[in-house]
Amino acid sequence: MPMFLIHRRTCVWLLGLWLTGFSPPCLGGQWTVAVDVPHDIQGHTATLLPSGKVLLAGGHDSKKNLYYKNWLYDPQTGSIQGTGSLALPRTEHTAVLLPGGKVFIAGGRGKKDAAQSHCELFNPGSGECRSITSMHYARARHTATLLPSGQVLIAGGGHPQTELYDPQNNLFTLNARLPGNPAGHSATLLPDGTVFILDACNRRAYCLDPGQKALRLLSRPQYKRQDHTATLLADGRVLIVGGHTTVELYDPAENAFVKHAVLSEVLAGHSATLLPDGNVLIAGGRARAALALVLVYQAQEGCFGEKGALQDARCYHTATLLPGGQVLLYGGGGQARAEIHQPRTGAFHAAGVMEQPRNRHTATLLPDGKVLVAGGFNGAYLQECEIYDPSQGRFFQTGDLAVSRHCHSATLLPDGQVFIAGGYGDSQYRGDAELYQPRSGDFMRVHPLKVKREKHTATLLQEYPNTQVLIAGGFNGRYLNSAEIYDVATRSFHRTGNMTEVREKHTATLLPDGTVLIAGGYNGREYIASAEIYHSRPGRFKASGRMLVPRRMHTATLLPSGKVLIAGGRNAGGLLASAELYDPQTGFSLTGGMHAARNGHAATLLPNGTVLISGGGGTEAEIYYPETGTFSMSAETVRKRREHTATLLASQEVLLLGGEDGFAFLNDAEKAACSEYDCTLPAALPRPRLQTGVSDAYPGMVFEIRGSDFRGAGGGEGKAGVQASANYPRLYLQYADSGGMGAYGPSGRLCDISGSLYPMDWTAADTILRFCMPNIPPGYWLLFVSTNGVRSDAKIILNKSSPNVPHVSMPTPVPTGTPAAGIPQTAGWTEEFNGPPGQQPHQWRDETDDPDFNADLAYSSRHGYAVVTRTADSSWGRVRSPIILCDVVQFNMLEVKTVEISPGVKWNVALRAADTDYYWDLTPGNTDTGVYTVDYQEKTRLQGVRAFYLQVNMEGEPGQYVILDYIKIYGFQKQVPIATP
């Protein structure tokens, strides 16, 4: 199997380790078979979509038969399903994800092996393709590069003339002309926005500036090559592999090609994938035959290392970097199986050692991605605290608590501070409360609790604008039913209603409607099966049924469905393996049982909606699958532990800290990767940075966040055999209140909301992103951006259960005609509100002389779309105002742009849903009206659409339209006068 032989900075130690069969940790990972694919395929494209799925388009089989059918690979389920067909079959084409969210598919070889100029757009919303304007020239094996302007540069593949595709106007324009006619070349976007084109077959290299239509000849490459890869590294140099035994580096700053390493054979048809640690994964390819080769180029050391082998030899495949950190290889060399490179096996592994062994402590994920470990017990009650830094895999000292304590609570607040309350320490129950301040690393005392307590629960409520924490139950020498509220603004406590029962070691779960579920516990006489609900208004608890099994020291995990998984614990019969579900509508019901009985364990909701159960028994961990209601055994933890903490990190790893194993208190930590990269490796690529501060939100609200380096490094070429772009920003929300240990604290929840970024303004995407708040449970969430697999620090967003009731001031219609003599000139106005699909219209009527009529629109929890019209019933007759398109949540007036239409030209106005081809003709047979309405109640396909725009269609020019302006469905309303009579 090919391997490097020499290097200008020879890594003798790495070669020696490889010869002895040992690989350094940074080369970790394994290959697993993902799924059997429908056909053997090559010459296709693989494009990462905003949803996280991968579009597999076109290609041909080993008998040169072309494919019409498109496929979608879902990393969450590991399945491949069909999704519509291409307008024309093709292979060796290009596919680029556009800032609008659609995929631009261009050229390639069609029937009779002829190059074609035909282009089409794939719509992820409908799963269909539609033909668009064709390129000026037929091309195959060309390159397509997404530019900072949002345009796409097409180069080579059959013609020396380059051209630009502009998605805004669906037009191709000619750009610079190459001296030769390259095919099998590469095009790499450089940080300055220019494109490095390597026509290595002719030993030529160019720098193309598309904005200036300028082409500059660069230094001559040292070797001829074809079917190579050219990967932009973190330091700005370009790594060139394949087509020759010699590897080269091109340095744009020096305009020089440098010989870098030598392979034992000529490699071609391989893939090169830039990883977030700055290394490059080289997989597959062809020498004398297809290879199962896997190499890792270590950018920091400047050398190659071999790591394992593919399950199947393959070449001319695609390699796609997935949001979860895996690399998907698809097709190539007659293979009918896809496989995935796992950066990590998913097993638990050691992750550092705390300075103090401890159990019954707390671990709180901070907005910067670090973890505050506070208090605990190890034979002595602890004041010492420490910080875990995932990027270094180490613990560091921070300030001490004001008092020693364990069995306390820790709650992350919206300003990034951590609220510590109660507990037990130094032979006394604690009423002390304090705040951890991340900037200084110090703790500050605040007013004490009204009632001293340990083994209580602390729940961050979503009350707005007064942020509050509910402290409930616990023990202080007697079992408590008292509860109190911590007011973040005043840093003080006040009493609220008492629970219906005394209890300690219970659970408290914030539900999507803002209420809190209290379940189980112990009252000094018996284990409790009862549950109750806390309503913040009017501050009372109300009984809410009984669990099927009484239990304490169990876990309660809010699932994405809104149900709560209650698992394990202890009662008079001993440790429990049973589990049940709480449904706010129907109460408690049994679900599948765990494989091992356990208490003092931890339950962590993972990004894919499953729940990881760890500790509390032996070393076996298990996973709960909500879809089937069953548990499945998972990897074993490094060691047995209970009363530990489990924290979902922003890297999508689960960090287990401390606890005890039945013999000793533990000071070690371990991690398991859910799906993201191993963040113990320092990221070499640019790290996105967020400047957005604390904000309040509700589902459907449109946000604008600002920062830097959102648009990452090294956009892919979009051609067959080369990975799709990895530099698109991805956006995540993670539940912030994860400070408690095991049974006492809710586990984090991570949501991938990247699809909400589209349509995207690619020209501004490096510093500005807009997204729509999804329908997620209320509370505080950490918002962060990930690009090239490198995550930013987080900012906190408060997601409210509902917005303030909006107040809408409607414009007064202008009456026409002349009033009849003697009739009073007063009017009664009727407001019509057509709400979300399936909801009855609401009407308001006001008999008033006041022309500035106001209507209050009630908030609906079913987020949808509204058309508000105004009708004047007066002596002048019925007059309707221009339509107002709005969301049921928030209303802000915006101006609409106008468009001029030449006299005599037939036209109509349509309302088009963004991200789809679905639209409504607002002027059927009537182009002179000034009022356009849409019956949204019948348009169920509007669900999930976040924006519309008005367009004017000209007769005889299908598909050609003028965009008037966007109408944001979430968060905006717009008055839309088009052409008044």
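Check the entry above for the structure.
These lines cover the structure that appears in this document, whether it is placed above or below. (Residues numbered from 1 in each chain as written. Predicted model: local features only at pLDDT ≥ 70, side-chain atom pairs only at ≥ 80, totals over all residues. Heavy atoms only, no water.)

Helix and strand counts for the protein stand at one helix and 82 strands. Across the 981 residues of the protein, 60% fall into the buried class. Within the protein, contacts between residues at least 6 apart in sequence are counted, and of these 55% link residues at least 24 apart. Accessible surface, the protein as shown: approximately 36,400 Å² in total, 48% of it carbon and sulfur. (Helix = DSSP H or I, 4+ residues; strand = E, 2+ residues; numbered from the N terminus. Buried < 20%, exposed > 50% of the residue type's maximum accessible area, 1.4 Å probe, protein only. Contact = heavy atoms within 4.5 Å. Areas by Shrake-Rupley, 256 points an atom, 1.4 Å probe, with all protein chains shown as cover.)

Pairing between the strands of a sheet is mediated by backbone hydrogen bonds and can be parallel or antiparallel. The strand order across the open sheet formed by four strands is β35-β36-β39-β40, and the pairing between neighbours is antiparallel. In the strand order of this sheet, the two ends are held by β35 (409-412) and β40 (442-446), each with one partner. Taking the axes of each pair of neighbouring strands and ignoring which way they run, one obtains an average angle of 25° across the sheet. (Pairing = 2+ DSSP bridges. Axes fitted to C-alpha atoms, helices over the stretch in contact; angles between N-to-C directions.)

The subject of this paragraph is the nonpolar core. Within the largest apolar cluster, 61 residues are counted, with the highest numbers of intra-cluster contacts made by Phe104, Val152 and Phe771. If you tally residues by element for this core, the top one is strand β8 (residues 103-106), at four residues. If you look at the next biggest cluster of nonpolar residues, it comprises 58 residues, including Cys385, Leu401, Val418 and Val488. (Core = buried A, V, L, I, M, F, W, Y, C linked by side-chain atoms within 4.5 Å.)

Quick look at the pairing of strand β20 (residues 238-241) now. Taking every second residue as pointing to the same face, both faces of β20 are buried, with Val238 and Ile240 on one and Leu239 and Val241 on the other. Taken together, the four bridges between strand β19 (residues 229-232) and β20 define a ladder with antiparallel strand orientation. Counted as the bridge partner of Thr229 is Val241 from β20. Between β19 and β20, which pair antiparallel and follow one another directly, the connecting turn spans five residues, one of which, Gly236, has a positive phi of 90°. With three bridges connecting them, β20 and strand β21 (residues 246-251) associate as antiparallel partners. Across the sheet, the residue bridging to Val238 is Tyr250, located in β21.

Here we come to the packing of aromatic side chains. Tallied over the full model, the rule gives 25 aromatic pairs. Note on Tyr479 and Tyr522: the rings are 5.8 Å apart at their centroids and 80° apart in plane angle, and the pair reads as edge-to-face. A residue pair is termed long-range when its members are at least 10 positions apart, and Tyr479 in the loop between β42 (468-472) and β43 (483-487) and Tyr522 in the loop between β46 (516-519) and β47 (530-535) qualify at 43 residues. Look at Tyr624 and Phe631: their rings are 4.8 Å apart centre to centre, the planes differ by 50°, and that puts the pair in the tilted class. Like Tyr624, the residue Phe631 is buried in the burial classification. Pairwise contacts between aromatic rings join Phe377, Tyr381, Tyr424, Tyr429, Phe475, Tyr479, Tyr522, Tyr527 and Phe665 into one cluster. (Phe/Tyr/Trp six-rings, centres within 6.5 Å; stacked < 30°, edge-to-face > 60°.)

Attention now moves to the sheet that holds strand β12 (residues 152-155). What the four strands build is an open sheet, ordered β11-β12-β13-β14; its pairing is antiparallel. Every interior strand has two partners, whereas the edge strands, β11 (143-146) and β14 (171-177), have only one. If you compare each strand with its neighbour and ignore which way they point, the axes differ by 25° on average. In the sheet, β12 pairs with strand β13 (residues 161-166) via three bridges, with the strands oriented antiparallel. Looking at the pairing, Leu153 lines up with Leu164 of β13.

Time to look at the pattern of salt bridges. Opposite charge on two side chains permits them to pair, given that their charged atoms come into close proximity. For the coordinates displayed, the defined rule picks out 31 salt bridges. Across the pair Asp235 and Arg237 runs a salt bridge, and its minimum N-O distance is 2.9 Å. For Asp235, a relative accessible area of 49% translates into the label partly exposed. A salt bridge links Arg639 to Asp668; its shortest N-O distance comes to 3.3 Å. You can see Arg639 sitting in the loop between β58 (630-636) and β59 (645-648) and its partner Asp668 sitting in strand β61 (residues 668-673), a full 29 residues away along the chain. Residue classification places Asp668 among the buried residues on the basis of a relative accessible area of 12%. Connected through shared salt-bridge partners, Arg639, Arg641, Asp661, Asp668 and Glu670 make up one network. (Salt bridge = Lys/Arg side-chain N within 4 Å of Asp/Glu carboxyl O.)

What follows deals with the pairing of β47. The element β47 is extensively covered by neighbouring structure, given that five of its six residues are classed as buried. The pairing of β46 with β47 spans four bridges and is antiparallel. Looking at β47, one finds that Ala519 is bridged to Ala531. Of the strand pairs in this sheet, β47 and strand β48 (residues 540-546) are connected by five bridges, and their pairing is antiparallel. The partner of Glu532 across the bridge, within β48, is Ala543.

Within the secondary structure, Gly539 is located in the loop between β47 and β48. When the C-alpha positions of Gly539 and Ile485 are compared, they lie 9.5 Å apart, and in sequence the two are 54 residues distant. For Gly539, the contacting residues outside a window of four places in its chain are Thr496, Gly497 and Tyr534.

Before going further, it helps to examine unusual backbone geometry. With an omega of 20°, the peptide bond running from Arg537 to Pro538 counts as cis. Within the secondary structure layout, Pro538 lies in the loop between β47 and β48. The omega torsion of the bond from Tyr758 to Pro759 falls at 0°, within 30 degrees of zero and hence cis. Topologically, Pro759 is positioned in the loop between β66 (750-752) and β67 (768-772). Positive phi values are uncommon outside glycine, yet Tyr316 reaches one of about 55°. The topology assignment puts Tyr316 in the loop between β26 (303-314) and β27 (318-321). Since its relative accessible area comes to 27%, Tyr316 is described here as partly exposed. A positive phi is found at Lys455, a non-glycine position, where the angle reads about 55°.

Take the side chain of Ser271 next. Along the polypeptide, Ser271 turns up in strand β23 (residues 271-274). Side-chain polar atoms of Ser271 contact the side chain of His317, separated by 3.0 Å. (Polar contact = N/O pair within 3.5 Å; in protein donor to acceptor, adjacent residues only side chain to side chain.)

A word on the environment of Arg551. Mapped onto the elements of the fold, Arg551 is located in the loop between β48 and β49 (555-558). The class for Arg551 is buried, based on a relative accessible area of 0%. Counting along the chain gives 20 residues from Arg551 to Asn571, while the straight-line C-alpha distance between them is 5.1 Å. Arg551 has contacts with Gly520, Gly521, Tyr527, Ile528, Ile566, Ala567, Gly568, Arg570, Leu576, Ser578, Ala579 and Glu580, leaving out every residue within four places of it along the chain. A distance of 3.4 Å separates a polar side-chain atom of Arg551 from the backbone oxygen of Val549. Only 2.8 Å separates the side chain of Arg551 from the side chain of Glu580, close enough to count as a polar contact.

As for its position among the elements, Ala765 is in the loop between β66 and β67. Residues Ala765 and Phe710, spaced 55 residues apart in sequence, show a C-alpha to C-alpha distance of 6.4 Å. The contacts of Ala765, once residues within four sequence positions are left out, are Phe710, Arg711 and Met760.

Let us now look at the side chain of His317. Counting through the fold element by element, His317 comes out in the loop between β26 and β27. Assessed through its relative accessible area of 0%, His317 is described here as buried.

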